[in-house]
Structure formats: structure tokens, C-alpha cells
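# A look at the structure
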Amino acid sequence: MNVLISDGRITEITSKKITSYDLKINGFGKFLTPGLMDSHAHVSSIPGMGFGVEPVAIKNPKLAQAYFEQQPRSFLFYGVTQILDPNPGVSFDYFTSAPQHPDYFRCEVLTSKNTFPYVEKADDLSRSMFTYLIDESAEATAENSVERLIGKIADSGASCIKLYFEDGYGNANQWATLSTNTLKRIKLAAKKYNLLIVAHANALDMQQLALVAGVDVIAHGMWNWGQYNREQNIPKEISNTLNKMINDEVAYMPTQRVIAGLGEVMDPTIGNSPEFTSITPKPLIDWYKTTEAQWFKEELRAGFDRMPDQSISDAFLYGRIRKGNKVIQYLKSADHPILLASDFPGSPSFANQPGLTTYQEMKAMVTAGLSLEEVLAAATINNAKQFKIENDYGTVEVGKVANLLLLKTNPLDSIESWNRIETIILHGDPIARESLVVNK
Ligand SMILES: [Zn+2]
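Residues numbered from 1 in each chain as written. Predicted model: local features only at pLDDT ≥ 70, side-chain atom pairs only at ≥ 80, totals over all residues. Heavy atoms only, no water.

Under an unreviewed UniProt entry, the name given to the protein chain is Amidohydrolase, and the organism recorded is Pseudoalteromonas ulvae.

The structure is reproduced here in C-alpha cells:
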């Protein structure tokens, strides 16, 4: 077929010869696909430097700048032409003002001073990330009412609201969650302003709470099975919860790379692969080898009572990932749509790098048991439909935005085809993949 692109959109797909054009890309023998969408990527966080507002980045401004210059190119290098950022933090201008960057969509975080993630932040700088703070106390005014804040989020141009259901990491439960009444008001106001609700929840009880609150998307794998943590297979209470997810049509983001990134940071060779070095600035790779950059590894070691690094790594890579995979398999068997969502960088681990993490998340989906067709759908049309942008994205069709990829091999034959991109087409403009390799 011949695909005609004009003004950044696909205007014709025909078996007839097209005779009039400015530029021709020869795709003979190659594979044209929609550009990929990662619906959970945080562009404000530099891998290895922190999370949210980053004190380490402030101390290393040159490294931060080199990173931010390369970041949008790295996403494009791995075929990511649309991103949804559920928590943009203070500013995302450096991303959207880059000469070439994936199309950018975002949620805004709605939280309170008594709940995660605000409650975990100890300094004013980190707290300043939260623009939309609900006051659940009796002193609440109209100005900070749920309805007013959600109106402001809608006015800001966001596509969704991010809510956190987190009462403590792992089995801990020291933090409060938003009240049932607040959650009801959020649901009503979100509906009124046509905003989707994306829920951070990764434990059984927290995902149950999110489902009761009527959220649209669960933004993490269910890695923590609470009292069922030692079970090998999915127990009744978990299957009942997943059935509710299926019946209520709540979409699921496995975000398996969060856990993989935690396990892989313990591996001293993680920065050596060509996949990593082709997109990560050399000074940043060098910095990852310094003592200063080992702070997060040290935190993990302390958290695991100084267990050997290999055992820490295994706890993540085998223990928790296995639970996430079981849930993916359960949802797959019910044909429940799964979204490509990496949660890049997912933690302060430097094992996750922009774009590469998205590709690795696709590979993780195959490992979990999804077919190559299901991975393609997760990365394209499922995300487009879920975030109501399927008129513009998600398929190669007349009328849609010309965000496309030309692959050397068939992505329905091997997942590695997504790492054999020849050309990225962004709003109709072809970009040779090699041109996106980091400047050494
Ligand atoms: Zn996230």
C-alpha cells in the first residue's frame, strides 16, 4: 500500500500509485506501524537522581541538562511518539519545548496533606510539587474544595486526575487514605469535567479501595497480595477483585518495570549494554559509577537488612514480578485490555532509562504471557481508546496523526522488532533512528 501524509496527518491509503508528493520514504519489504504510546512515564524525574523534586539534580546541573536534552530523543529512539505523564511535578516545559518530542499528555495529582505522597515528603521543595491539595478538615473553604480543584485541573489542560491509594509500602499501613466521602465527590466532579481518574495502587487492599472509588485506571501491577503473599496461585479474594476490575471495565497498567528497575539496580553491569549506552549521555553513565550515585542502592540494602545484593535483586525479579505476571495472565484470559505503561523511571533506580524502559515493559508483557498481537494493541489502540484519543492515534488510518514507525522486521514475529526501527515519523516528519543516538 501507499500511505499519503499531508500536514502531519494520514490523508490517503491506497494500492494505486501516488504521483504527486514532496518526499518519498521507501518502505518496501518493511513494516509500518502506529507510533507507540507509553501511558505512564514521568518526564520530570532523572533516573538515579531522586524522585519528584530532585536535590541530586540541583547539585549536578550539567548532568541534568544533558539528560533533559536527550530524554525526548530517547523516547523517540524506542518508537514512543505519545506519552501520558501522570505526575508532571513542577514543570514539564523542558520536555515540550524540545525541538522533537513525543506528543505529551498529562494527569494532575490530587492529594491532601495527610495522605501519600505529600505525607512522605519532608522538605518544602518536595512539597511544592503538589499544586492541588484537598483540605478534608472542617476548615475547608470553597477555594480548596474538591470541585474547585478539579475545575482548575480541567482548565490546566490535563487529561486526567492521579489519585494515590497507598497506606504504606509493602505490608505497612501507617498512612491515611482519602475519605470515602472525598472520593465520592472526586468521582462526581471528575465526571462533570470529563477527566479520567488514574489510581496509584499496587496492593490488594488498595486496589480494592480504588475499585470502590470508581477509578478508570489502576496504575500499577498487584505486587502485594497482603495475607495471601505466600500463595503460589491467585486465591479467591484476588480473583473476585480482578473480576470486579473486568466487570467495571477498569483498565490495568502492569508497570512491571518498576519492580525490574529495583532488582536491576543491584547489578553493577547494568549500564554496559548497547541498548543503554546508545541513549544515555556518557557523563551520566560515568556519574552512575560514582559513590554519590549509589545512595539509592544503599537505601535498598538498609531496607533489606544488608542481605547480599543478589538476594535483594532476586526478591524483586522473581518474587514480586511473579505475582504481577499471574495477574496479567488472569486478565489476559478474560480478554481484559492491558495498557502499555512503564511508569518510567518508577523509582530512583538508574536501571530504567527513557524509551528503553518502555521497550523493556513490552518484553516483560511477552514474558508474562501476552501474545505479540496483544502487546501491539497494548502499545497502540488500547491506550488511545482508554484516553479517548483514538480519533487521532492508535492505528494507521486515514485522518489520524502521522505518528508512525517503519520497522525492519515484523513485530508480530518477534518482540525484538520494536528495537529494529528504521524511521520514526513524527507528525509526518521522518526521523532516522541513528540520528537520535546520544551525542557522545
Ligand atoms: Zn508513576
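Having put the structure on the table, let's press on.
To continue, consider the sheet that holds strand β14 (residues 429-432). Here four strands make up an open sheet; going across it, the order is β3-β12-β13-β14 and the pairing antiparallel. Looking at strand neighbours, the two that pair on one side only are β3 (31-34) and β14, the edges of this open sheet. Adjacent strand axes in the sheet meet at a mean angle of 25 degrees, parallel and antiparallel pairs treated alike. (Pairing = 2+ DSSP bridges. Helix = DSSP H or I, 4+ residues; strand = E, 2+ residues; numbered from the N terminus. Axes fitted to C-alpha atoms, helices over the stretch in contact; angles between N-to-C directions.)

Right, let's get into the state of the cysteines. Under the defined criterion, the tally for this structure stands at one disulfide. Disulfide pairing is shown between Cys-107 and Cys-160; the S-S distance is 2.1 Å. Taking the sign of the S-S torsion, -85 degrees for the link of Cys-107 and Cys-160, the bridge is left-handed. Placement of Cys-107 in strand β6 (residues 103-112) and of Cys-160 in strand β8 (residues 160-164) is noted, with a sequence separation of 53 residues between them. The pair Cys-107 / Cys-160 is uniform in exposure class, with both members buried. (Disulfide = S-S within 2.5 Å. Buried < 20%, exposed > 50% of the residue type's maximum accessible area, 1.4 Å probe, protein only.)

Quick look at helix α12 (residues 295-303) now. Taken together, the buried positions of α12 are occupied by Phe-296, Lys-297, Leu-300 and Arg-301. What you see down the axis of α12 is that its buried residues fit within an arc of 145 degrees, all on one side. Following α12 by one or two positions, Asp-305 adopts a phi angle in the positive range, close to 55 degrees. (Arc of directions from axis to C-beta.)

What follows concerns the environment of His-336. For His-336, the location among the structural elements is in the loop between α13 (309-333) and α14 (356-368). For the pair formed by His-336 and Ile-246, sequence separation is 90 residues and the distance between their alpha carbons is 6.3 Å. Among all residues touching His-336, those that are not within four sequence positions of it are Met-245, Ile-246, Glu-249, Val-250, Ala-251, Tyr-252 and Leu-331. (Contact = heavy atoms within 4.5 Å.)

Turning next to the pairing of strand β2 (residues 9-14). Here strand β1 (residues 2-6) runs beside β2; their pairing, made up of five bridges, is antiparallel. For Ile-5, the partnering residue across the bridge sits in β2 and is Ile-10. The hairpin formed by β1 and β2 contains two residues between the paired strands, and Asp-7 there has a positive phi angle of roughly 50 degrees.

Moving on to the packing of helix α8 (residues 236-247) against α13. Contact geometry of α8 with α13 gives a least axis separation of 11 Å together with a crossing angle of 50 degrees. Between α8 and α13, the crossing angle belongs to the class labelled oblique. Considering the relative orientation of α8 and α13, their crossing is right-handed. Here Ser-239, Leu-242, Asn-243, Met-245 and Ile-246 of α8 come into contact with α13, specifically with Val-327, Tyr-330 and Leu-331. Residue composition of the contact of α8 with α13, grouped by class: six nonpolar, two polar and no charged. (Parallel < 35°, antiparallel > 145°, perpendicular 65-115°, else oblique. Left-handed = near helix turned anticlockwise from the far one by under 90°. Nonpolar A, V, L, I, M, F, W, Y, C, P; charged D, E, K, R; others polar.)

Attention now moves to the side chain of Ser-239. Relative to the elements of secondary structure, Ser-239 occurs in helix α8. Here Lys-236 takes part through its backbone oxygen, which lies 3.0 Å from a polar atom of the side chain of Ser-239. When near neighbours in sequence (up to four residues on either side) are disregarded, Ser-239 contacts Ile-234 and Tyr-330. (Polar contact = N/O pair within 3.5 Å; in protein donor to acceptor, adjacent residues only side chain to side chain.)

Six octahedral donors around a metal ideally make angles of 90 or 180 degrees; four tetrahedral donors ideally make 109.5 degrees. Each protein donor to the zinc ion is listed here as His-40 (NE2), His-42 (NE2) and Asp-343 (OD); together their distances run 2.1 to 2.2 Å. Summarised as a motif, the one-chain spacing of the donors to the zinc ion is H-x1-H-x300-D. A residue pair is termed long-range when its members are at least 10 positions apart, and His-40 in the loop between β4 (36-38) and α1 (55-59) and Asp-343 in the loop between α13 and α14 qualify at 303 residues. Across this residue pair, the class does not change: His-40 and Asp-343 are buried. (Donors = N, O, S within 2.8 Å, 3.2 Å for Na, K, Ca; no water.)

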